[in-house]
Amino acid sequence: MLFAHDTECGLIATAALVNTDGPDGEGLPDVAALDGFFVTHGWTGRHEHTEAELRSVRELRPRLRRIWDADADGIVAIVNELLRESHALPQLIRHDGEPYHLHAVPRDAPLATRMAVEAAMALADLVRLGELGRLRICAHQDCDNVLVDLSKNRSRRFCEAGCGNRAAVNAYRARKAATRS
């Protein structure tokens, strides 16, 4: 593990949330999809299962997406804005069998607020450690999904949408075509 467990989880969930708003359609089309996202990414605490909550989570995505397009100062501005708006007060807590980790808003805060703060706290760790280079855009020519490279050798180039496999198949086919020519 390169970063604290909660940092890695926050980074992965942030990239996944950003990628639910893409050219392939709405990744959070309804409350049931948000429920699935909540479970998949291990969120705990308040979850209202409402259209209003779904709208507030969707509204967060473009703000988080800007992080992948910003320089270090821009990322810091976004992180500070998210923390300030949420009245974040970091505290060490332990729950649900997890070791101590940081929470900066109460567990009964709205889900979109908790998502924003978790993203901001994880990104703050990347800033402090000088690891912003781990935030990337998928290298596949037809994809603009975001990713967080958590590999030890900083070699991840493709998102979770199968782009790495598509690139490998395309390269294989190009090699085969070149040998036939």
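Everything below is about the structure printed above this text.
If you're wondering where the values come from, they're calculated on a predicted model, not measured in any experiment. (Residues numbered from 1 in each chain as written. Predicted model: local features only at pLDDT ≥ 70, side-chain atom pairs only at ≥ 80, totals over all residues. Heavy atoms only, no water.)

### Quick look at unusual backbone geometry
Selection rule: For helices the rule is a DSSP run of H or I covering at least 4 residues; for strands it is a run of E covering at least 2, with both sets numbered from the N terminus onward. When accessible area is computed with a 1.4 Å probe and restricted to protein chains, residues below 20% of their type maximum are described as buried, those above 50% as exposed, and intermediate ones as partly exposed.
A positive phi angle, near 60 degrees, is found at H49, a position not held by glycine. Residue position: H49 is located in the loop between α2 (31-40) and α3 (51-65). A residue is classified by how much of its surface remains accessible, and H49, at 46% relative accessible area, is partly exposed. Non-glycine residue R154 carries a positive phi angle of around 55 degrees. Within the secondary structure, R154 is located in the loop between β6 (146-148) and α6 (163-180). R154 gets classed as partly exposed once you look at its relative accessible area, which sits at 40%.

### Structural notes on the nonpolar core
For clarity, the threshold we go by: We define a nonpolar core as any set of buried Ala, Val, Leu, Ile, Met, Phe, Trp, Tyr and Cys residues linked to one another through side-chain atoms lying within 4.5 Å. Any two residues having at least one pair of non-hydrogen atoms within 4.5 Å are treated as being in contact.
L17, V57, L64, I67, W68, M115 and L135 are the most contacted members of the largest nonpolar core, which totals 41 residues. Where this core is concerned, the elements lending two or more residues are α1 (5-19), α2, α3, α4 (72-85), α5 (111-128) and β6. No other element matches the 11 residues that α5 contributes to this core. Apart from the residues lying within four places of it in its own chain, the contact partners of L64 are T14, L17, V18, L82 and A119. By size, the runner-up hydrophobic cluster in this structure holds 6 residues, among which are C138, L147, C159 and C163.

### Considering the environment of L111
Mapped onto the secondary structure, L111 falls in helix α5. Residue L111 is classed as buried on the basis of its relative accessible area of 1%. Excluding residues within four positions of it along the chain, L111 makes contact with L34, F38, W43, R46, H47, E53 and V57.

### Observations regarding a nonpolar patch on the surface
To be explicit about the condition: A patch is a set of surface residues, each over 30% in relative accessible area and not in a salt bridge, joined within 9 Å for like charges and within 5 Å for the nonpolar side chains Val, Leu, Ile, Met, Phe, Trp and Tyr. To be clear on the numbers: accessible area is Shrake-Rupley with a 1.4 Å probe, and residue cover counts the displayed protein chains and nothing else. Every case where a carboxyl oxygen of Asp or Glu lies within 4 Å of a side-chain nitrogen of Lys or Arg is listed as a salt bridge.
Together, L92, Y100 and L102 make up an exposed nonpolar region whose accessible area comes to about 330 Å². Mapped onto the fold, L92 is located in strand β3 (residues 91-93).

### Overview of α2
Condition: This arc is taken over the directions from the axis of the helix to the C-beta atoms. Side-chain atoms alone can form a polar contact between residues adjacent in sequence; in general such a contact is a pair of N or O atoms within 3.5 Å, and within protein one must be able to donate a hydrogen while the other accepts it.
Within α2 the residues assigned to the buried category are V31, L34, F37 and F38. Down the axis of α2, the buried set is contained in an arc of 115 degrees. They therefore lie on one face. Along α2, exposed side chains directed more than 90 degrees from the buried face belong to A32, V39 and T40. Tucked inside the fold, the buried residues of α2 contact α1, α3 and α5. N-cap assignment for α2: the residue whose side-chain oxygen lies 3.3 Å from the backbone N of A32 is D30. The first or second residue beyond α2 is G42, which carries a positive phi of 65 degrees.

### Observations regarding the pattern of salt bridges
For the structure on display, the rule yields 13 salt bridges. The partner of E26 in a salt bridge is R58, with the nearest N and O atoms 3.9 Å apart. One end of the pair, E26, is in strand β2 (residues 25-26); the other, R58, is in helix α3, and 32 residues separate them in sequence. Exposure remark for R58: the relative accessible area of 24% places this residue in the partly exposed category. Put simply, E131 and R154 hold a salt bridge, and the shortest N to O gap is 2.7 Å. One end of the pair, E131, is in the loop between α5 and β5 (135-137); the other, R154, is in the loop between β6 and α6, with 23 residues separating them in the sequence. A relative accessible area of 15% places E131 in the buried class. Linked by salt bridges that have partners in common, D21, E26, R58 and R61 make up one network.

### Looking at the side chain of R114
Note that R114 resides in helix α5. For R114, the side chain forms a polar contact with the main-chain oxygen of A109, separated by 2.6 Å. Residues within four places of R114 in sequence aside, it is in contact with F38, W43, T44, G45, R46, V105, P106, R107 and A109.

Keep in mind that these numbers describe shape and distance, not what the molecule does.
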